[in-house]
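# An overview of the molecular structure
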Amino acid sequence: MNIQTTPKTGPALRVSEKSPDLDNLRIELVEPSVPAPGPGQVLVEIHAAGVNPSDVKASLGHMPHAVWPRTPGRDFAGVVVEGPQALVGTEVWGGGGELGITQNGSHARYMVLPQAAVRAKPAGMSFEEAGAIGVPFITAFEGLREAGGVQPWDNVLVCGANGKVGQAAIQLATLAGARVFAAEYKPTPYLGHANAEIEMLDSSSQDIAAIVREKTGGHGADIVFNTVGSPYFEIGNSALAKQGRQIFISTFDRAVPFDIFNFFRGRHKFIGIDTLALDSVYGARIFDKLKPKFEQGLLKPFPINQRAVYGLRDAATAYASVLRSTPDRVILRPQG
């Protein structure tokens, strides 16, 4: 008797070529065979996956090292369904710079990961909340770590405060006891959680550097976390205290005016963070540091607005909304 079986499949997004623009994102919904984990790997069934600007930019061809074709997605929360018996059934969370860039990522029902890259998600945190943590908190944590850490006596200026990385940086800096100033390009309240009161500033009508110096007795900002890049470059430099550090994670313009004299006279440091270089195993180690703070309520997940939770069929709409500056944390639900 010749018995034939049909391989098990699961829906996934597939990007095979550069998209021309946000209105014409070339993202396919496909039904590949479920990947088989190898030695030292696990198969995770994805329940929720955040959509990050880097996911969208990669689809637009702005990440030259991204491979084609691939399934996008850097952040995830789900359940281990294959692997070591001790891990099967574990609800996990994570994120990594290789996911969705040089290997298939989380915008699919199933994803293979190194066993070392999965961690049990915090108790009481939903899949959607857990799947939204990755890139923003990994970026904020790594930036502040590279800057030498935040101390209770530090003054911190976060530029682009209402972006998700900005909100994560504010949570971490206020948790450390620092005094935090937050800047946006228009008058707006702070939209995220903070562990202490912060002062919101408007770069369209206020001299941010002058205000920070005035309110710190002329000292300035010990750390500037610049999540936007070139639009805040000179503002950040002008606000820096002696031996201050400015952190960069993104930019609009690649070339900016640079006053070398003020840089070395101020003994400033510039710190570049590229989380694409931090793989999912590295991300898991950061999650080890963050998890107790989330479980104690000292850090809080981003609020999930159900209007910003999409199924894979609506991925193009979800992707476009991220680069069009939605205030919501956008989530894909591969099982939806």
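A brief structural summary. (Residues numbered from 1 in each chain as written. Predicted model: local features only at pLDDT ≥ 70, side-chain atom pairs only at ≥ 80, totals over all residues. Heavy atoms only, no water.)

## Digging into the overall build of the protein chain
Selection rule: Counting from the N terminus, the helices are the DSSP runs of H or I reaching at least four residues and the strands are the DSSP runs of E reaching at least two. When we talk radius of gyration, it's over C-alpha atoms, and the globule rule is simply 2.2 Å times the number of residues to the 0.38. For the exposure calls, accessible area comes from a 1.4 Å probe over protein chains only, and a residue counts as buried if that area is under 20% of its type's maximum, exposed if over 50%, partly exposed in between. For the accessible areas, the method is Shrake-Rupley and the probe is 1.4 Å, while residue cover comes only from the protein chains on display.
Secondary structure assignment for the protein chain yields nine helices and 15 strands. Its C-alpha atoms give the protein chain a radius of gyration of 21 Å, near enough to 20 Å, the size a compact globule of 336 residues would have. Seen through its C-alpha atoms, the protein chain measures out along the principal axes to roughly 85 × 45 × 35 Å. In the protein chain, which comprises 336 residues, the share counted as buried stands at 51%. Of the roughly 15100 Å² of accessible surface on the protein chain, a fraction of 51% belongs to carbon and sulfur atoms.

## Brief notes about the environment of A86
Tracing the chain through its elements places A86 in the loop between β4 (75-82) and β5 (91-95). A relative accessible area of 74% means that A86 is categorised as exposed. Along the primary structure A86 and P152 are separated by 66 residues, whereas in three dimensions their C-alpha atoms are 41 Å apart.

## Brief notes about the nonpolar core
What counts here: Here, the term nonpolar core denotes a set of buried Ala, Val, Leu, Ile, Met, Phe, Trp, Tyr and Cys residues that are joined through side-chain atoms within 4.5 Å. When checking whether two residues touch, look at their non-hydrogen atoms; a contact exists if any pair is within 4.5 Å.
Within the largest apolar cluster, 43 residues are counted, with the highest numbers of intra-cluster contacts made by F137, V156, V158, I170, I247 and F294. Broken down by secondary-structure element, the contributors of at least two residues to this core are β4, α2 (127-130), α3 (134-146), β8 (155-159), α4 (164-175), β9 (179-184), β11 (221-226) and α8 (280-295). Considering each element in turn, this core owes the most residues, six residues, to α4. Setting aside its immediate chain neighbours within four residues, F294 contacts W93, P122, M125, I133, F137, L299, K300 and P301.

## Thoughts on the packing of aromatic side chains
Put simply, the rule is: Here a pair means two rings of Phe, Tyr or Trp (six-membered ring of Trp) with centres within 6.5 Å. Their orientation is stacked below 30 degrees between planes, edge-to-face above 60, and tilted elsewhere. We call a charge positioned over a ring when the NZ of a Lys or the CZ of an Arg lies within 6 Å of the ring centre and within 35 degrees of the ring normal.
Scanning the entire structure with this criterion turns up 12 aromatic pairs. Over the aromatic face of W68 sits the side chain of R70, whose NZ or CZ is 4.6 Å from the ring centroid. The residue whose ring lies beneath K121 is F127, and the NZ or CZ to ring-centre distance is 5.2 Å.

## Brief notes about the packing of helix α5 (residues 208-215) against helix α6 (residues 230-239)
Note the threshold: The angle between two axes is taken between their N-to-C directions and runs from 0 to 180 degrees, where each axis is a line fitted to C-alpha atoms and a helix contributes only its stretch in contact. Roughly parallel here means an angle under 35 degrees, roughly antiparallel means over 145, roughly perpendicular means 65 to 115, and every remaining angle is called oblique. Crossing handedness is defined as follows: a turn of the near helix away from the far one that is anticlockwise and smaller than a right angle gives a left-handed crossing, while the clockwise case is right-handed.
Direction vectors running N to C along α5 and α6 enclose 20°, while the axes themselves pass 8 Å from each other. What the angle tells us is that α5 and α6 run roughly parallel. For the pair α5 and α6, the sense of crossing is right-handed. In this structure, α5 uses I208, A209 and R213 to contact α6, whose residues at the interface are Y232, I235, S238 and A239.

## Quick notes on α8
Filter applied, for reference: One less than the number of residues in a helix, times 1.5 Å, gives the span that helix is expected to have. We define the bend at any residue as the angle between the axes fitted to the seven residues before and including it, ending there, and the seven starting there. N or O atoms closer than or at 3.5 Å make up a polar contact, with two conditions inside protein: a donor-capable atom paired with an acceptor-capable one, and, for residues adjacent in sequence, both atoms drawn from side chains.
A rise of 1.5 Å per residue sets the reference length of α8, with its 16 residues, at 22 Å; its end C-alpha atoms lie 21 Å apart and thus fit the reference within 8%. At K289, α8 shows its strongest bend, of approximately 35°, with the proline P292 following within four residues. Along α8, the residues classified as buried are S280, V281, G283, A284, I286, F287, L290 and F294. Taken together, the buried residues of α8 touch β5, β6 (110-114), β7 (119-120), α3 and α4. For α8, the N-terminal capping position is held by D279, with its side-chain oxygen 3.2 Å away from the main-chain nitrogen of V281. Phi turns positive, to about 80°, at G297, one or two residues after α8.

## With respect to the pairing of strand β12 (residues 240-248)
Let me state the cut-off plainly: Strands were regarded as paired on the criterion that DSSP finds at least two bridges between them. Handedness of a crossover is defined as follows: orient the strands so they point away from the viewer, and if the path from the first strand over the helix to the second runs clockwise, the crossover is right-handed.
Within β12, seven of the nine residues are buried, which leaves the element mostly enclosed by the surrounding structure. Alignment of β11 against β12, held across five bridges, turns out to be parallel. Looking across to β12, one finds that I223 is bridged to R245. At this point the chain moves from β11, through α6, to the parallel β12, and the crossover so formed is right-handed. In this sheet, strand β13 (residues 269-272) lies alongside β12 in parallel orientation, the contact comprising four bridges. When the sheet's bridge partners are listed, R245 is paired in β13 with K269.

## Describing a nonpolar patch on the surface
What counts here: Candidates for patches are residues over 30% relative accessible area with no salt bridge; among them, like charges are joined within 9 Å and nonpolar side chains (Val, Leu, Ile, Met, Phe, Trp, Tyr) within 5 Å. Note on definitions: salt bridges are taken to be side-chain nitrogens of Lys or Arg within 4 Å of carboxyl oxygens of Asp or Glu.
Taken together, F258, I260, F261, F264 and F270 make up a surface patch of nonpolar side chains, about 490 Å² in accessible area. Residue contributions to the nonpolar patch peak at three residues, all from helix α7 (residues 260-265). For F261, the position within the fold is in helix α7.

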